[in-house]
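Architecture at a glance
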Amino acid sequence: MTYQKKLPVSLDCGLNLFLEVINGKWKLALIWSIYSGIKRPGELQRKIPKASRRVLDTQLKQLIDHGILSKIDFNEIPLKVEYKLTPLGETLIPVIALTAKWGETHREELEHLIISQV
């Protein structure tokens, strides 16, 4: 049984399109990891150990479906698969880098606010 979204997708503005593509707990980490040179599923699992393999596989497939990643199947035994960013996916790198920089710039304040809510 496949997951069905309960709410319709809203594609009426660029922000909604962006969120539709990157929405998912591990998608940004997957994109950044692949950009950083981690290409194989097992390597991605080790890089993001808190995510289950099933969730990572689902989010990788969604990123492929949205044109952010491509999957390369090597005809080898044992089976070898690698992921790479598409040209469209590469355009996300400056956005992710700027977002990470914002987090680092405001780290102290954000950590204090987040810790105080726990």
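Residues numbered from 1 in each chain as written. Predicted model: local features only at pLDDT ≥ 70, side-chain atom pairs only at ≥ 80, totals over all residues. Heavy atoms only, no water.

Next up on the list: the side chain of Gln59. Along the chain, Gln59 falls in helix 4 (residues 53-65). By relative accessible area, Gln59 is classed as buried at 9%. A polar side-chain atom of Gln59 sits 3.0 Å from the main-chain amide nitrogen of Trp26. The contact partners of Gln59, leaving out residues within four places of it in the chain, are Gly24, Lys25, Trp26, Lys27 and Leu30. (Helix = DSSP H or I, 4+ residues; strand = E, 2+ residues; numbered from the N terminus. Buried < 20%, exposed > 50% of the residue type's maximum accessible area, 1.4 Å probe, protein only. Polar contact = N/O pair within 3.5 Å; in protein donor to acceptor, adjacent residues only side chain to side chain. Contact = heavy atoms within 4.5 Å.)

The subject of this paragraph is the packing of aromatic side chains. Summed over the entire model, instances satisfying the criterion amount to one aromatic pair. Between the NZ or CZ atom of Lys80 and the centre of the ring of Phe74, over which it lies, the distance is 4.6 Å. (Phe/Tyr/Trp six-rings, centres within 6.5 Å; stacked < 30°, edge-to-face > 60°. Lys NZ or Arg CZ within 6 Å of the ring centre and 35° of its normal.)

Among the secondary structure elements, Lys27 is positioned in helix 2 (residues 27-35). Despite being buried, Lys27 has no salt bridge partner; Glu20 is the closest side chain of opposite charge, sitting 6.6 Å away. Those residues in contact with Lys27 that sit more than four places away from it in its chain are Glu20, Val21, Ile22, Gln59, Gln62 and Leu63. (Lys, Arg positive; Asp, Glu negative; His and termini not counted. Salt bridge = Lys/Arg side-chain N within 4 Å of Asp/Glu carboxyl O.)

Our focus in this paragraph is helix 2. Every buried residue of helix 2 is accounted for by Lys27, Leu30, Ile31, Ser33 and Ile34. Along helix 2, the residues classed as buried sweep out an arc of 165° about the axis, all on the same side. Those residues of helix 2 that are buried lie in contact with helix 1 (14-22), helix 3 (41-47), helix 4, strand 1 (69-74), strand 2 (80-85) and helix 6 (93-105). Downstream of helix 2 by one or two residues, Gly37 has phi in the positive range, about 115°. (Arc of directions from axis to C-beta.)

Let us look at the pairing of strand 1. Strand direction decides the pairing type here: strand 1 and strand 2, joined by six bridges, are antiparallel. Opposite Lys71, over in strand 2, you have Tyr83 as the bridge partner. In sequence, strand 1 turns back onto strand 2 through a hairpin of five residues. (Pairing = 2+ DSSP bridges.)

Take the nonpolar core next. The biggest cluster of nonpolar side chains holds 21 residues, and the ones touching the most others in it are Leu30, Ile31, Ile34, Leu44, Leu60, Ile68 and Leu85. Residue assignment for this core shows that the elements contributing at least two residues are helix 1, helix 2, helix 4, strand 2 and helix 6. Beyond its immediate sequence surroundings of up to four residues, Leu30 is in contact with Leu44, Ile48, Leu56, Gln59, Leu60 and Leu63. (Core = buried A, V, L, I, M, F, W, Y, C linked by side-chain atoms within 4.5 Å.)

In this section: the environment of Leu79. Position of Leu79 among the secondary structure elements: in the loop between strand 1 and strand 2. Residue classification places Leu79 among the exposed residues on the basis of a relative accessible area of 64%. Look past the residues within four positions of Leu79 in its chain and what remains in contact with it is Arg40 and Phe74.

Across all of its chains, the model carries five salt bridges by this definition. Across the pair Lys80 and Glu82 runs a salt bridge, and its minimum N-O distance is 3.8 Å. Given a relative accessible area of 22%, Lys80 falls into the partly exposed group. When salt bridges that share partners are traced, they join Glu104, Arg107 and Glu111 into one network.

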